[in-house]
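# Breakdown of the fold
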Amino acid sequence: MIPVTKPFLPPKADYQRYIDEIWERNWLTNNGPLVNELELQLKEYLELNHLLYVTNGTIALQLAIKALDLKGEIITTPFSYVATTSSIVWEGCQPVYVDILEDTLCIDPAKIEAAITPQTSAILATHVYGIPCEVAAIEAIAKKHSLKVIYDGAHAFGVKVNGKSIFDYGDVSTCSFHATKLFHTIEGGAVICQDPEVLRKMAYYRNFGHDGYENFDGVGINGKNSEFHAAMGLVNLKYLNQIFEKRKEQSLRYKELLANSTVKFPKIEGIEEYNYSYFPILFSDESSLLKSMKLLQEHEIFSRRYFYPGLNSLDYTSGNTPISDDLSAKVLCLPLYHSLTAEEQRMIARLLLRVQNNTGK
Ligand SMILES: *Cc1c(COP(=O)(O)O)cnc(C)c1O
């Protein structure tokens, strides 16, 4: 069986060493030393000034919306994971969908201004599959209309633009360290932000608003993470270079194997430093996708329609997003994980080509 993804697991002994330490200290959560160490190492690795480690990538989005005090409408993309939209709705705001770019599947900056109303407070865009949004164009629009910008960077760990981390863009950027992501801490996430006041708010919100035992800096939530999760992150950080290398090698192999196929790939050329976090392919139509998916399944190979359906199909429909609607029906993510072998990739490609060559029969 070949799943679409498989969490990276480091050698058990590496993790055990940290667990032994946790046992000795008897300090399991609440801003422990491993959480602090992970924050330090992540900032160093990603070359960031500030980063807060939180429960998961969804809480990260909610903390960002709350700390920026967003109200009313938030312009967002229909082509993302459900957490992008659900966070907006959960925080009492309304998502307004703007269509995506055909080549990168990220929000189309040229279509944002038409969606701005007096109620608009922000833009929440996703770096889809780690492909950077058009950050300069988005920033210019946000400035002109006094809007805040949040980037859902759940897929974008390690991606660089203009010599710096993609997380350095926007008023707040978020990341997810969920088990299925490129870099993971089992469950986990982060908020990245330059503004000291917004950062301070998120730090308090993350810990119930506690300012010492008996004082509160307003109302917060439980957005902390534990020593056990941080330990997994600290171990996995040591394997990151291997993980990136393997992902790149596998992605290039898929591309080569599928060079004679009719499927297309999102545009990653020109990205300064890409992370190869997913391997999406775009079929010419939905029926070829379904046929391919079925044949793969018959061989115990599982691909995933990611993202499908578009988030505008939730109850919060607004906006006209034909490109997203079309592409979400035609995109399929192929298996991609650290232990996927070249032989397995060749088998997947053979099956995909077989469907294509049999089309019409
Ligand atoms: C995974 C993911 C999230 C949610 O992250 P969790 O850590 O699972 O809460 C949000 N947005 C996108 C685009 C994701 O892929």
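A brief look at the structure comes next. For clarity, every value in this text was computed on a predicted model and none was experimentally measured.

## Some details on the overall build of the protein chain
Counting secondary structure elements, the protein chain contains 11 helices and 11 strands. Split into buried and exposed, the 361 residues of the protein chain put 55% on the buried side. Long-range contacts, defined as pairs at least 24 residues apart, comprise 70% of the intrachain contacts of the protein chain with a sequence gap of at least 6. For the protein chain, the exposed surface amounts to about 16300 Å²; the carbon and sulfur share of it is 52%. With 35 positive and 43 negative side-chain charges, the protein chain shows a separation of 5 Å between the mean positions of the two kinds.

## What about the environment of V161?
Within the secondary structure, V161 is located in strand β6 (residues 160-161). Assessed through its relative accessible area of 14%, V161 is described here as buried. Sequence spacing of V161 and D326 is 165 residues, and the spatial spacing of their C-alpha atoms is 28 Å. When neighbours within four sequence positions are excluded, V161 is seen to be in contact with P132, V135, I166, Y169 and E272.

## Structural notes on the nonpolar core
Counting 71 residues, the largest nonpolar core has I75, I112, Y129, F157 and F167 as the members making the most contacts within it. Considering every element that reaches this core, the biggest residue donor is helix α7 (residues 227-237), with six residues. In terms of domain composition, this core takes at least three residues from each of domain 1 (12-237) and domain 2 (240-356). For F167, the residues in contact, after removing those within four places along its chain, are L46, L48, G153, A156, F157, S173, T174, C175 and I192. One finds L63, C93, V198 and Y205 within the second-largest nonpolar core, a separate group that totals 24 residues.

## Quick notes on the pairing of strand β9 (residues 189-193)
The side chains of a regular strand alternate, first on one face of the sheet and then on the other. Counting buried residues in β9 gives five out of five residues, a clear majority hidden from the surface. Every second residue of β9 is oriented toward a common face, with G189, V191 and C193 on one face and A190 and I192 on the other, all of them buried. Two elements, strand β1 (residues 52-54) and β9, share three bridges in a ladder whose sense is antiparallel. Bridging across to β9, V54 finds its partner in G189.

## As for the pattern of salt bridges
A side chain of one charge can pair with a side chain of the opposite charge if their charged atoms are brought near each other. What the rule picks out here adds up to 18 salt bridges. Residue K143 pairs with E139 through a salt bridge whose shortest N-O separation is 3.9 Å. Of the two residues, K143 and E139 are both situated in helix α5 (residues 135-144); the distance of four residues between them amounts to about one turn of the helix. Residue K143 is classed as exposed on the basis of its relative accessible area of 65%. For the salt bridge of K255 with E269, the shortest nitrogen-to-oxygen distance reads 3.6 Å. A residue pair is termed long-range when its members are at least 10 positions apart, and K255 in helix α8 (residues 240-257) and E269 in the loop between α8 and β10 (280-282) qualify at 14 residues. The class of K255 is partly exposed, set by a relative accessible area of 22%.

What counts and what doesn't
- Residues numbered from 1 in each chain as written.
- Predicted model: local features only at pLDDT ≥ 70, side-chain atom pairs only at ≥ 80, totals over all residues.
- Heavy atoms only, no water.
- Helix = DSSP H or I, 4+ residues; strand = E, 2+ residues; numbered from the N terminus.
- Buried < 20%, exposed > 50% of the residue type's maximum accessible area, 1.4 Å probe, protein only.
- Contact = heavy atoms within 4.5 Å.
- Areas by Shrake-Rupley, 256 points an atom, 1.4 Å probe, with all protein chains shown as cover.
- Lys, Arg positive; Asp, Glu negative; His and termini not counted.
- Charge placed at Lys NZ, Arg CZ, Asp CG, Glu CD.
- Core = buried A, V, L, I, M, F, W, Y, C linked by side-chain atoms within 4.5 Å.
- Domains from an automatic or database assignment.
- Pairing = 2+ DSSP bridges.
- Salt bridge = Lys/Arg side-chain N within 4 Å of Asp/Glu carboxyl O.

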